[in-house]
Each structure stands twice: as structure tokens, then as C-alpha cells.
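Architecture at a glance
In case you want the letters, here they are:
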Amino acid sequence: MRTWEKLRPYSMVAPAIIVFSLFFIYPIFYMIYLSLFDWNFVSPTKTFVGIQNFKDLLTDPDFRQVLTNTSIYTLLTVTLTTGLALLLALWLNRKSFFHGFVQGAIFSPHIISLVSISLLWSWLMDPEYGLLNWVIGLAGFGKLDWLSHPSTSLVSLVIVAVWKGLGYNTLVFIAGLQSIPPDIYEAASLDRSKPWTTFSKLILPMLSPSIFFLVIINMIGSFQVFETIAIMTQGGPVNSTNTLVYYIYEYGFRFFKIGYASAAGVILLVIVGILTIIYFKLLSNRVHYR
Amino acid sequence: MAKIELKHISKKFKDETVIEDLNLTIKDGSFTVLVGPSGCGKSTTLRMVAGLEKQTGGEIWIDDECVNDTPPGLRDVAMVFQNYALYPTMSVRGNIEFGLKNRGIAKREREKLIADISEIVGLTPHLNKKPQNLSGGQRQRVALARAMVKQPKVFILDEPLSNLDAKLRNQMRTELIQLHKRLGTTFVYVTHDQVEAMSMGDEIVVMNKGVIQQADTPMKLYHDPANRFTAEFIGTPAMNMMNGQDLQGIEIRSAAAVGHVGFRPEQALIGAGAEIEGYEIEGEILTRESLGAENIYQIQSRTGVFFVKTFLAPLETAARVKVTIPYGQLYYFGLNGERLRGVEASSKRLAAAGGR
């Protein structure tokens, strides 16, 4: 009896633990293990190379370019999505048919598959026949190369990501705004608070949970961007849109350098891990929860 | 300090008229309580004075100045909200300081004002805490301090005690009365609780369906209600009301038709002797509530259920009792609920015996 009493809780959590270990913990450790080998995915022998893969990675100018690309992409996507979503939410946070319609329209990209979105935007951004260049032409400006020139390709991908993420972000902000009781605004107006003061001193701090949630979700998402790149640019032109996950995919499943790809995966893991730790540190200290 | 005048105020929400042609003068330095059932327009009236709601028609004057187009912050009113409406991201100090900062008051003076106020309301040890770490009573004090520190002309309080437990509510009630004495500022207070209104206000405005029923001192309201609504609204238990047609053995001499006759539960006498002349009702006691100093009986009579309240008397144990209400304690109301004055009544018994 006593042993069963002791074992019962463990037996209850066992299924979850087993699934979690099998599909989350084990792959992570296996990836770290593989990152120390040279292996081509099919050969029965793996050659131990120590930290050679990491050395190669960090001296590879392409990889450095990939890290820079990923950072720029993440920075732009996160700031633009969160910032624009906040502005939109402030505008849409009222009840009318029009505002409800706009809210729904902005949200719709969120439920469309990224593959469809990538194809759609490839067509929109086509330098010759694309809708965007046609509109720009009507406005009297010269055509843009969008995805086909290294100077604009990364920004073009950012536009797609922002377009896709905006609706969800706006929705989270609207939910945050609606959880603020209306008498706070009234108390502020009786306290002679100017609109900007009300926003910066009261509303923004009260939205901090939403802001931090979105920033971290967007950050992790952007660091792992893959579909749009695989479909729209394949990392080109001249490596200008190659990002971390696409790089891992190429080395792992096209060049079959599993050890090398795993090493890049470990670096991604470390980066996302650090971001998450920072996030939780900030969460506990700076974010207001009721 | 300020006098507030509402002139021909009306308020519509879309198609629904909440208040129509409301006229009211709130005396300078008074503790005026707006009281009425929920949805009677008392909170709306209050919010219009504060400027949080714009009236559809009419004028609001504070201190001989029309404030129709003055934004809330510049009306020199301070408000205490039902849910306190404290700024949750700011400390107690920040909450109190916010209004002062927006007025451009220098830091040294701010510090002094905050220190004084928090001493008065007993918040000094809690100045650096966030509102969510305070109890209900402490939050209430922060809301009060935030309002007081601005030294406004008018204090507006919208059901500020309704979120507190009974004991704390009583305590805050006396504190508010003392605070009003000390500051001498005009207080406008909204509540649905007539006990709160009676105990705090020196001027009570009874409202129903957007119309002022009576504006008077508590004593006048109790002893001299202007209509059936006020009579039934003030007092616990409420005034007993009988349909004029159901009365028997009473002769009423009145210039106008009598719709209802009422009496206060505390004026009725159980088992009174024959020497007291009054209207008599027999009935069966349904429930007895013994509160120590007073007992409340619910009595089923031929004309309906009514209440009787006795003070410092032993609990009545008989199942059936005779209740006498002295004629002088009867209130008469017309068919439209208006109070009828100068009505006389006497027993009909002799006339009945002789006639039939």
C-alpha cells in the first residue's frame, strides 16, 4: 500500500513525462551529441570531430552573414509588428461595425497558411507583373526589385511577416486595452492628465504583459523563420535572405552535413534560450500583473 | 467650497431618456446625498457634475460659473469611484502624486502635501506599496487621499462604501462625516442605501426614474415625506402601505380622493389599551426578528402583510395580535402617490352601530 501511495503521483505524470522526454528532451540532447560528429545521414559510421563543427561555423563568413540577416530580420519584424499593432489596437478599440470589420480583416492573414501567403506575395512582389510595382508605377515612382535584389530582399520578407502577424498582435493588444477598466481613464481626466501622459504613464504600463508576451513570441518566431524563405527566395539572392533555420535545413537535408547543421541548431537553441531567460527576468521584475 | 446648480438638466442615452428637466441646488459646504433605486439616474447626475458625462440639455453651474464646456480636470472637482479606480501600476505615493504632477506643482510642495494627507488618512506606512497589496479599506483611503490632496471645490463620491464589509463600512461612514466637518468642502454623495444616506447626509435628494422626488433634510424626509415613493423608500422596514378602499372602521375626511394610507412600523402599537385612539388591525404574526434592542414582526392581516417594530419591549409571543396606529401617525396619499395634508380621521364604530 505504502509503496503504491508513493508511486501513484509518478505513475500519473509518467505518460506526459515519457512523451515529453521522447519528443522534446531526447532530440535536443541527440542534436547536441550529433553536433560533435561528422556524419552524412546514411553512413553507418559517425566520425567524432569534437568542437570542429563549431569552429568551422564561426569562421564561415556565410554563417556570419546568416546570423546578421536573422538579427536584422528579427529586429525589424518584432519592432514593426508590435509597434504597428499597438497603434492599430488604439485605433480599433471601440465598438462599431466598421472597426469590427477592420479588426476581422486584419486578423484574416493569421489563419491562412504561410505557404499560400508566400506564393501570394511572390506574385504581388513580382518585379515585372506584380501588383505592388504596378501601384508604385501609377504613383509615378520607379519599379522596385523586391525579392530579386539583395538590398531589398530581406525587407520584403519582413513586410510579409508583419502583414501576417499584425492581426494576431492587434487582437492581443485590444484584449489588453479592454481589460483596463474605463474608470481609470475617467480618474485620469479628473487628474488633469493629458492624452499622452495617460497613454505613457497609465495605459502603456498596464499593457506591459501584452507587450512582453508579444515581443518574445514574435522574437522566437522570427528567429525560426523558414517557410517564406524556402518558398520565396531560397536564401538568395547572394545569401541576402539566408537565415538560421534555412541554413540548418540546407546543410542538414540538402548537403547532408548533419553534424554541421546540428552545431548551427545548438547555436539557435542557445540564442532562443538566452532570449527566453531575459524575457522571464524582465517579466518578474518589470511587468505589471494584476 | 462651492455651490452647485443644475438647471433644466436632461440626459438621453440614444433614444432612452434617463433624466428630464432636473433642477437642483446643492448648497455650499453641504453633505448632499443622492439616493434612489438603481437606474434612477443618480449616478448619471453625479457624473454630469464631474464632467464625465455630457448632459443632453440644460446648464450646470459650479460656484456661479457655467461649466457646460469645462473639461472634468478643470472643474475643480475630485471624485471617489465605486471601484476606487486606482492606477494599478503606480505606488500609493504615485497615485496621490499623479494629479499634483499634472497641475505642475513643485516637487517639494508635493512631498509636503502627500505627507500631510497620508497622515490624515493613515497611509504613511503604505506609501510605497502597490494598490493590489492593500486591503479594501486601505484602497478606499488611497482613493480619498488622491481626491483630497487636490483640495477641490467639490467632492464627488459614487457609492464609495459599497465594496467594503459591513463593519468597515460603518467605520468609513463616521470617518467621512468627520472628514466633511474638517474640510468644510461641498460633498456630493451617491448611494442606493437609504441608511447610508440618512446617517451621512445633511441634505438628501431622493430620486426615482430620473425625477427628484424630494430634496430635504433627513428628519423632514422621515417625518414629512412629500409622496408615497419617499415614504416607502426611507426607513427600515419601509413604511406600510394600505389601499384606501380596504380600510374598515375608519372615517376619513379629505378634500381629495385618498389612494393609500401608510404608517411607519415603529409607530404601530401591539396590544394597546382602549385609551389610545387609532386605527386597529388584527393579524397573525408570521415572523419575529429579534435584534436585541428592537423586535420586528411581520404580520398577516386581512388587508395584506405589514411590519411592526418595537423598541426595548419583550418579544410578543401571541399568534394573533391587535395592532393600533394612532390617527396622528397615519400618512395619506392621493391616487397619484402625492401626499395629502390636512386629512382627519376618526373611528366609524359609533356611526356604524347607530346606522345599521
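Within an unreviewed UniProt entry, the label attached to chain B reads ATP-binding cassette domain-containing protein, and the organism entered is Paenibacillus glycinis.

Chain A carries the name ABC transporter permease subunit in an unreviewed UniProt entry, which gives Paenibacillus glycinis as its organism. One UniProt comment on chain A, placed under Sequence similarities (unreviewed entry), says "Belongs to the binding-protein-dependent transport system permease family."

When you go through chain A residue by residue, the secondary structure sums to 12 helices and two strands. For chain A, the succession of helices and strands along the chain, N to C, is α-β-β-α-α-α-α-α-α-α-α-α-α-α. Taking 290 residues into account, the globule formula puts the C-alpha radius of gyration at 19 Å, and chain A, at 24 Å, lies well above it. Based on the C-alpha atoms only, the size of chain A along its principal axes is roughly 75 × 75 × 30 Å. Sequence separation of at least 24 residues holds for 66% of the intrachain contacts in chain A that already meet a minimum separation of 6. Total accessible area on chain A is roughly 16300 Å²; 72% of this is exposed by carbon and sulfur atoms. Side chains of chain A give 18 positive and 13 negative charges; the mean places of these two sets differ by 12 Å.

Attention now goes to the sheet that holds strand β19 (residues 339-340) of chain B. All names here are of chain B. Spatially, four strands are ordered β10-β12-β18-β19 in an open sheet, and the strand pairing comes out antiparallel. Pairing within the sheet leaves two strands with one partner each, and these edge strands are β10 (240-243) and β19. Sheet analysis places strand β12 (residues 260-263) next to strand β18 (residues 331-333), joined by three bridges and oriented antiparallel. Bridge pairing in β18 places Gly262 opposite Tyr331.

All names here are of chain B. The domain boundaries assigned to chain B delineate domain 1 (4-229) and domain 2 (238-353). A straight line from the C-alpha centre of domain 1 to that of domain 2 covers 39 Å. Residue-level contacts link eight residues of domain 1 with 11 residues of domain 2. Roughly 820 Å² is buried in total at the junction of domain 1 and domain 2, and carbon and sulfur atoms are behind 45% of that figure.

Residue and element names in this part refer to chain B. Spatially, the three strands line up as an open sheet ordered β2-β1-β4, and their pairing is antiparallel. With partners counted over all chains shown, the strands left at the sheet margins are β2 (16-26) and β4 (57-62), one partner each. Averaged over neighbouring strand pairs, the angle between their axes works out to 20 degrees when direction is ignored. As defined by bridge partners, strand β1 (residues 4-13) adjoins β2 across seven bridges and the pair is classed as antiparallel. Residue pairing across strands places Phe13 opposite Glu16, the latter belonging to β2. Here helix α1 (residues 42-50) sits on the sheet and contacts β1, β2 and β4; the angle it forms with β1, its principal contact strand, is near 115 degrees.

Below, the discussion takes up the packing of aromatic side chains. In this description, a pair of aromatic rings is defined by centroid distance and the angle of the planes. One pass over the structure, following the stated rule, counts 26 aromatic pairs over all chains. Ring centres of A:Phe37 and A:Phe48 lie 5.3 Å apart, and the angle between their planes is 75 degrees; on these two criteria the pair is classed as edge-to-face. Taken together, the residues span a long stretch of sequence, with A:Phe37 in strand β1 (residues 37-38) and A:Phe48 in strand β2 (residues 47-48) at a distance of 11 residues. Under the relative-accessibility criterion, A:Phe37 is labelled buried at 11%. For A:Phe48, a relative accessible area of 55% puts it in the exposed group. On the numbers, 5.0 Å between centres and 85 degrees between planes, the contact of A:Tyr251 with A:Phe255 is edge-to-face. Overall, the relative accessible area of 15% leaves A:Tyr251 in the buried class. The positively charged end of A:Lys257 is found above the aromatic ring belonging to A:Tyr260, 4.8 Å away from the centroid. The side chain of B:Lys7 reaches across the aromatic face of B:Trp61, ending 4.3 Å from its centre.

The next thing to look at is the UniProt feature "transmembrane region" (unreviewed entry) in chain A. Residue and element names in this part refer to chain A. Mapped onto the present numbering, the UniProt feature "transmembrane region" (unreviewed entry) falls at residues 12-33, 72-92, 104-124, 154-177, 198-220 and 258-280. As a span, residues 12-33 carries 100% helix and 0% strand, and end to end its C-alpha atoms are 31 Å apart. Between the end C-alpha atoms of residues 154-177 there is a gap of 33 Å, over a span that is 100% helix and 0% strand.

Often, the extent of an interface is quoted as the loss of accessible area on bringing the components together. Taken together, the contact between chain B and chain A spans 23 residues of the former and 18 residues of the latter. Taken together, the two surfaces of chain B and chain A that pack against each other cover about 1900 Å², and 61% of this comes from carbon and sulfur. Counting the surface chain B buries against chain A, the share from its top three residues, B:Tyr87, B:Thr89 and B:Asn102, is 26%. For B:Arg47, the salt bridge is made with A:Glu186, and the minimal N-O distance between the two is 2.6 Å. Across the chain B-chain A interface, the total number found is nine residue pairs in polar contact (both at pLDDT 80 or more). For the side of chain B that touches chain A, the secondary-structure elements that each account for two or more residues are α1, β5 (77-80) and α2 (92-102) of chain B. In terms of residue class, the side of chain B that touches chain A is built from 13 nonpolar, six polar and four charged.

Residue and element names in this part refer to chain B. The omega torsion across Thr236 and Pro237 is -15 degrees, close enough to zero to call that bond cis. Counting through the fold element by element, Pro237 comes out in the loop between α8 (228-233) and β10. In the Ramachandran plot, Asp63 falls in the positive-phi region, its phi being about 55 degrees despite a non-glycine side chain. Note on placement: Asp63 falls in the loop between β4 and β5.

Conventions used here
Residues numbered from 1 in each chain as written. Chains lettered and ligands numbered in written order. Predicted model: local features only at pLDDT ≥ 70, side-chain atom pairs only at ≥ 80, totals over all residues. Heavy atoms only, no water. UniProt positions renumbered as here; feature names shortened; annotations may be inferred. Helix = DSSP H or I, 4+ residues; strand = E, 2+ residues; numbered from the N terminus. Rg over C-alpha atoms; globule rule 2.2 N^0.38 Å. Contact = heavy atoms within 4.5 Å. Areas by Shrake-Rupley, 256 points an atom, 1.4 Å probe, with all protein chains shown as cover. Lys, Arg positive; Asp, Glu negative; His and termini not counted. Charge placed at Lys NZ, Arg CZ, Asp CG, Glu CD. Pairing = 2+ DSSP bridges. Domains from an automatic or database assignment. Buried area = accessible area lost by both parts, 1.4 Å probe. Axes fitted to C-alpha atoms, helices over the stretch in contact; angles between N-to-C directions. Phe/Tyr/Trp six-rings, centres within 6.5 Å; stacked < 30°, edge-to-face > 60°. Buried < 20%, exposed > 50% of the residue type's maximum accessible area, 1.4 Å probe, protein only. Lys NZ or Arg CZ within 6 Å of the ring centre and 35° of its normal. Salt bridge = Lys/Arg side-chain N within 4 Å of Asp/Glu carboxyl O. Polar contact = N/O pair within 3.5 Å; in protein donor to acceptor, adjacent residues only side chain to side chain. Nonpolar A, V, L, I, M, F, W, Y, C, P; charged D, E, K, R; others polar.

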